[in-house]
Amino acid sequence: MAGVADRAYRLMCKRFGAAYTVSEMVSAKGICYSDRKTAELCTVTDGERPMAVQLFGSEPDFMAEAVKIVLDFRPDIIDINMGCPVPKVIGTGAGSALMKDIRLAAEITDAAVRAAGDVPVTVKIRSGWSAETVNAPEMARALEAAGAAAVAVHGRTRDQFYSGQADISVIRDVNQAVSIPVIGNGDVTDAASCLKMYSETGCDLVMVGRGSYGAPFVFEEIEAALTGRDYVPPTVEQRMSIMLGHIRLMLENSSKCEELAMHEARKLAAWYMNGYYGSAKFRGRCYQLSSYSEAEELAKEFIELQNSRIDKNNPKNS
Ligand SMILES: Cc1cc2nc3c(=O)[nH]c(=O)nc-3n(C[C@H](O)[C@H](O)[C@H](O)COP(=O)(O)O)c2cc1C
């Protein structure tokens, strides 16, 4: 996820059991013009593997060229983004704009597959452009014919952006339409929604996006459900310790000074506190963090507040 799933985020998800990670999307054209951010976005470290580097673009030649450049970073998979709904991306004909041009989508995939050699190329799509033009099964068939090794399907149309509910019946339809693996995506936030995605669509893998915000342990919960183990969610103390570990990892992996890197950690901290008593007030304070020691202090106060609530409600502790 662009602006979210950086190296520290991916490493956290892997530590908690994610089977596979994907880079933030990278512009194929940007890479070809040696965008200075390329190395930052495309580098794959061992702790993140298996990992895909995800490219977006609308021109087969640039896509092929970008794939060749990205291969130097030794990704396990190259993924092509054909699902991004943001105007800046679809304005260039890339992302979910390709849901409207299946032939071009297949040409881009074919060019990437030829350039990638032994490295599998997968594609991420949406259910369609709009409710009237749901075409993910047809699109997936064309991508399979063009050599895609798997397809990930987000069960929303471009018109929906991220609102409303994902329609997972489209993912089932895609699964019936192709013989390559299908990755189901949309609104999976816990073990129950993940099991539902598997059972109702027959998909081969499930992808979690926003459900991992402030909750990399969602993968541990899912793994426990899939292997029949009991799962105990982290306590507030454990949650804050995971948050601080995540922030440390982010600082270690950032080329920025602590203060600037902490700007990026602010939303992370707010996510980890979300859903708890007083989290709205703490969110404002998260957005003022400018050092790691402040984050430690805030985490301590947050734990104290939650524990004081438990004490109040529990006569045994009063
Ligand atoms: C902030 C944000 C950034 C995203 N960036 C990407 C991206 O770079 N590549 C991609 O394939 N999907 C991206 N997505 C879409 C997610 O991967 C996912 O398809 C979508 O959020 C639905 O899944 P979810 O309900 O589990 O979040 C992004 C979503 C959000 C909210």
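That block above? That's the structure.
Worth saying up front: this structure is predicted, and the values here are computed from it rather than measured.

Visitor: Looking at this structure, how should I read the pattern of salt bridges?
Guide: Proximity of charged atoms lets side chains of opposite charge pair with each other. In the structure shown here, the tally under the stated rule is 12 salt bridges. In this structure, R49 and D46 form a salt bridge, with 3.4 Å as the shortest nitrogen-oxygen distance. Judged by relative accessible area, R49 falls into the buried class, the value being 17%. With a relative accessible area of 63%, D46 lands in the exposed category. Between R156 and D187 there is a salt bridge, with the nearest N and O atoms lying 2.6 Å from each other. Of this pair, R156 sits in strand β6 (residues 150-157) while D187 sits in the loop between β7 (182-185) and α9 (191-201), and the two are 31 residues apart along the sequence. Overall, the relative accessible area of 1% leaves R156 in the buried class. Among the residues examined, D187 registers a relative accessible area of 31% and is labelled partly exposed.

Visitor: Teacher, can you tell me more about helix α7 (residues 136-145) here?
Guide: Residue pairs spaced three or four apart in an α-helix point in one direction, given the helix's 3.6 residues per turn. The complete set of buried residues in α7 reads A136, P137, M139, A140 and L143. Take α7 and look down its axis: the buried residues cluster within an arc of 160°, on one side only. Here the buried face of α7 lies against β4 (77-82), α6 (102-116), β5 (121-128), β6 and α8 (169-177). Two residues or fewer past α7, G147 is found with a positive phi of approximately 105°.

Visitor: Sorry, what's going on with the packing of aromatic side chains here?
Guide: How two aromatic rings sit relative to each other is set out by the distance from centre to centre and by the angle between their planes. In the structure shown here, the tally under the stated rule is five aromatic pairs. Centroid distance F16 to F217: 6.1 Å. Interplanar angle 80°. Geometry classified as edge-to-face. Residue F16 is found in the loop between α1 (7-15) and β1 (21-22), and its partner F217 is found in the loop between β8 (205-207) and α10 (218-226); the two are separated by 201 residues along the sequence. Judged by relative accessible area, F16 falls into the buried class, the value being 16%. On the basis of an interplanar angle of 65° and a centroid distance of 5.6 Å, the ring pair of Y276 and F302 is categorised as edge-to-face. With Y276 in the loop between α12 (258-273) and α13 (279-286) and F302 in helix α14 (residues 292-313), this pair connects stretches of sequence that are 26 residues apart.

Visitor: How do you make sense of the site of the ligand when you look at a structure like this?
Guide: In the neighbourhood of the ligand, 15 residues make up the surrounding shell, with A2, Q54, N185, D187 and R210 lying closest. Taking N81, its side chain carries an N or O atom lying 3.2 Å from a nitrogen atom of the ligand. Surface burial for the ligand is 86%, taken as the share of its 610 Å² of free accessible area covered by protein chains. Grouping the amino acids of the shell around the ligand by side-chain chemistry returns six nonpolar, six polar and three charged.

Visitor: Help me out: how do you make sense of the environment of M262 in this one?
Guide: By the secondary structure assignment, M262 is in helix α12. For the pair formed by M262 and M250, sequence separation is 12 residues and the distance between their alpha carbons is 8.6 Å. Filtering out sequence-adjacent residues up to four positions away, M262 remains in contact with I247, L251, L289, S290, S291, Y292 and A295.

What counts as what
Residues numbered from 1 in each chain as written. Predicted model: local features only at pLDDT ≥ 70, side-chain atom pairs only at ≥ 80, totals over all residues. Heavy atoms only, no water. Salt bridge = Lys/Arg side-chain N within 4 Å of Asp/Glu carboxyl O. Buried < 20%, exposed > 50% of the residue type's maximum accessible area, 1.4 Å probe, protein only. Helix = DSSP H or I, 4+ residues; strand = E, 2+ residues; numbered from the N terminus. Arc of directions from axis to C-beta. Contact = heavy atoms within 4.5 Å. Phe/Tyr/Trp six-rings, centres within 6.5 Å; stacked < 30°, edge-to-face > 60°. Near = heavy atom within 4 Å. Polar contact = N/O pair within 3.5 Å; in protein donor to acceptor, adjacent residues only side chain to side chain. Areas by Shrake-Rupley, 256 points an atom, 1.4 Å probe, with all protein chains shown as cover. Nonpolar A, V, L, I, M, F, W, Y, C, P; charged D, E, K, R; others polar.

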